[in-house]
Amino acid sequence: DVKVTQSSRYLVKRTGEKVFLECVQDMDHENMFWYRQDPGLGLRLIYFSYDVKMKEKGDIPEGYSVSREKKERFSLILESASTNQTSMYLCASSSYGGRYNSPLHFGNGTRLTVT
Amino acid sequence: DAKTTQPPSMDCAEGRAANLPCNHSTISGNEYVYWYRQIHSQGPQYIIHGLKNNETNEMASLIITEDRKSSTLILPHATLRDTAVYYCIVRGSNDYKLSFGAGTTVTVRA
């Protein structure tokens, strides 16, 4: 089974802090994703990476950056955390399917609270 | 723009089949139908996907109408652990991401 592991289940940070959310997948997947989930807004894509050191902005990249130095690891960085970044953050991975895109597999999320 | 329409909620009895409908009347020829579910406080879980043929796996069956404008996810023997929000998603063959709507909240009752 695919396993996507997020380093923290719950995180509390102060406004202005630099925050790192880590995600590791064990299936040698090429693609990795960061989403955030908020009540009433559903899941929204923040960033996507299709290879090591490659990234693309999703629908809501403002206030975030990402790093992918190794294939199995994808980090989400909040340079200066703000209260409106309080959310559930979900990491996902998928294999490169070419024209036939393969399913995304999600981790269990990190619930971040910024005070 | 929402590509799928699902009922906001439904109940089903434990041990019975649960049939979850989804309308996707604007689906195009290269778009797949995906189903995910999200149990409270967990990440979304992949269930099944299909293009035009019916599909079955160990979790569920997916029935797609011949005109592809709607589909039904069938959980053959619902258990209390199947209580979750179920998402029906239309995804193009070249789309790298999934776009989630509001889904259907399914409550399985004993």
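Below you will find a few notes about this structure. Residue numbers here run from 1 along each chain, matching the order of that chain's written sequence. Working convention: letters from A go to chains and numbers from 1 go to ligands, in the order in which they are written. For this predicted model, a pLDDT threshold of at least 70 governs which residues receive local features, and a threshold of 80 or more governs which side-chain atom pairs are given and counted, while totals over whole chains, interfaces and linings are taken from all residues. In computing side-chain properties, one takes all heavy atoms of the structure into account and sets aside hydrogens as well as water.

**Observations concerning the state of the cysteines**
Turning to step 1, where the next piece is worked out: Counting rule for disulfides: a pair of cysteine sulfur atoms within 2.5 Å. Scanning the entire structure with this criterion turns up 2 disulfides over all chains.
Turning to step 2, where the next piece is worked out: Paired by a disulfide, C23(A) and C91(A) hold their sulfur atoms 1.9 Å apart. Residues C23(A) and C91(A) are joined by a disulfide whose S-S torsion is about -80°; by sign, that bridge is left-handed. Placement of the pair is C23(A) in strand β3 (residues 19-25) and C91(A) in strand β9 (residues 87-94), with a sequence separation of 68 residues. Here the two residues C23(A) and C91(A) agree in accessibility, since each one is buried.
Turning to step 3, where the next piece is worked out: Through a disulfide, C22(B) is tied to C88(B); the S-S separation comes to 2.1 Å. On the sign convention where negative means left-handed, the S-S torsion of about -85° between C22(B) and C88(B) marks this disulfide as left-handed. Separated by 66 residues along the polypeptide, C22(B) in strand β2 (residues 18-23) and C88(B) in strand β8 (residues 84-92) bring together distant segments of the chain. In terms of burial, C22(B) and C88(B) fall into one category: buried.
Turning to step 4, where the next piece is worked out: Free cysteine: C12(B), not disulfide-bonded; nearest cysteine sulfur from C22(B) at 17 Å. To qualify as a helix, a DSSP run of H or I must reach at least 4 residues; to qualify as a strand, a run of E must reach at least 2; elements of each kind are numbered from the N terminus. The cut-offs for exposure are 20% and 50% of the maximum accessible area for each residue type, with area from a 1.4 Å probe on protein chains only; residues under the lower value are buried, those over the upper are exposed, and the others partly exposed.

**Considering the pairing of strand β6 (residues 61-64) of chain B**
Along a regular strand, successive side chains alternate from one face of the sheet to the other.
All names here are of chain B.
Turning to step 1, where the next piece is worked out: As defined by bridge partners, strand β5 (residues 55-56) adjoins β6 across 2 bridges and the pair is classed as antiparallel. Residue E55 lies in a different strand from β6, and its bridge partner there is L62.
Turning to step 2, where the next piece is worked out: Two strands are counted as paired when DSSP detects at least two bridges linking them. Hairpin connection between β5 and β6: a loop of 4 residues separates the two successive antiparallel strands.
Turning to step 3, where the next piece is worked out: Summarising the sheet, β6 and strand β7 (residues 70-75) pair through 4 bridges and their orientation is antiparallel. Paired with I64 across the two strands is S71, which belongs to β7.

**Description of the packing of aromatic side chains**
Turning to step 1, where the next piece is worked out: Each pair of aromatic rings taken from Phe, Tyr and Trp, with Trp reduced to its six-membered ring, is defined by centres within 6.5 Å and is described as stacked if the planes are under 30 degrees apart, edge-to-face if over 60, and tilted in the remaining cases. Enumeration according to the criterion identifies 13 aromatic pairs over all chains in this entry.
Turning to step 2, where the next piece is worked out: Each ring, one from Y35(A) and one from F100(B), has its centre 6.3 Å from the other, and the planes form 85°; the classification is edge-to-face. Placement of the pair is Y35(A) in strand β4 (residues 31-38) and F100(B) in the loop between β8 and β9 (104-109), with the two residues belonging to separate chains. There is no split in this pair, since Y35(A) and F100(B) are both buried.
Turning to step 3, where the next piece is worked out: Between Y36(B) and Y46(B), the ring centres sit 5.7 Å apart and the planes meet at 70°, which makes this aromatic pair edge-to-face. You can see Y36(B) sitting in strand β3 (residues 31-38) and its partner Y46(B) sitting in strand β4 (residues 45-50), a full 10 residues away along the chain.
Turning to step 4, where the next piece is worked out: The structure contains a cluster of three or more aromatic residues connected by ring pairs, namely F33(A), Y35(A), F48(A), Y50(A), F106(A), Y34(B), Y36(B), Y46(B), Y87(B), Y96(B) and F100(B).
Turning to step 5, where the next piece is worked out: Lying across the ring of Y10(A), R9(A) places its NZ or CZ 6.0 Å from the centre. Here, a charge over a ring is recorded when the distance from Lys NZ or Arg CZ to the ring centre is within 6 Å and its angle to the ring normal is within 35 degrees.

**Considerations on unusual backbone geometry**
Turning to step 1, where the next piece is worked out: Even without being glycine, K53(A) reaches a positive phi, approximately 65°.
Turning to step 2, where the next piece is worked out: With respect to the helices, strands and loops of the structure, K53(A) is situated in the loop between β5 (42-51) and β6 (54-57).
Turning to step 3, where the next piece is worked out: Exposure remark for K53(A): the relative accessible area of 57% places this residue in the exposed category.
Turning to step 4, where the next piece is worked out: Of note in this structure, S41(B) is not a glycine but carries a positive phi near 70°.
Turning to step 5, where the next piece is worked out: Inspection of the secondary structure puts S41(B) in the loop between β3 and β4.
Turning to step 6, where the next piece is worked out: S41(B) gets classed as partly exposed once you look at its relative accessible area, which sits at 31%.

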